[in-house]
Amino acid sequence: QVQLVESGGGLVQTGGSLRLSCAASRRTFLSSVMVWFRQAPGKEREFVAGLSWSGSSTYYADSVKGRFTISRDNAKNTVYLQMNSLKPEDTAVYYCAAKSGTSLQYGSSWYDYWGQGTQVTVSS
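Below, the structure is looked at part by part. No experiment lies behind these values; they were computed from the predicted model shown.

### With respect to the pattern of salt bridges
Going through the model one piece at a time under the given rule, you end up with 5 salt bridges. Measuring nitrogen to oxygen at the nearest pair gives 2.7 Å for the salt bridge that ties Asp90 to Arg67. On the criterion of sequence distance, the pair formed by Asp90 in the loop between β8 (78-83) and β9 (92-100) and Arg67 in the loop between β6 (58-60) and β7 (68-73) is long-range, its members being 23 residues apart. There is no split in this pair, since Asp90 and Arg67 are both buried. Note that Asp112 is salt-bridged to Lys99, the shortest N-O span being 3.4 Å. Of the two residues, Asp112 is situated in the loop between β9 and β10 (113-114) and Lys99 in strand β9; the sequence distance between them amounts to 13 residues. What makes Asp112 partly exposed here is its relative accessible area of 43%. Among the ionic contacts, a cluster of salt bridges with common partners joins Arg38, Glu46, Arg67 and Asp90.

What counts, and where the lines are drawn
- Residues numbered from 1 in each chain as written.
- Predicted model: local features only at pLDDT ≥ 70, side-chain atom pairs only at ≥ 80, totals over all residues.
- Heavy atoms only, no water.
- Salt bridge = Lys/Arg side-chain N within 4 Å of Asp/Glu carboxyl O.
- Helix = DSSP H or I, 4+ residues; strand = E, 2+ residues; numbered from the N terminus.
- Buried < 20%, exposed > 50% of the residue type's maximum accessible area, 1.4 Å probe, protein only.

And the structure:
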């Protein structure tokens, strides 16, 4: 069974930073595309950032470009989302997701495996 375990959410003021972590099994980590989505109250789940299967390419939603960075630590089987210059509109539950194979898509229905979600709240 694939497990994705997220951590790192919390409450932060506008302009602050948070780092989210998503730990996976070694097999999942090496064989999957891994991405971050978020869902704000009353809104659809939206793509935030993703890493190609090789880890050599990154993809970002326009709303977070230049502020968020996705990265991976191969030794820890962990994907990170560093979030800087946070804004109130970044408030949402953030989810890590994975899909076996090499194709990265921006729609949430593409992904087979999901973490439990971690709340990020940015106060104004």
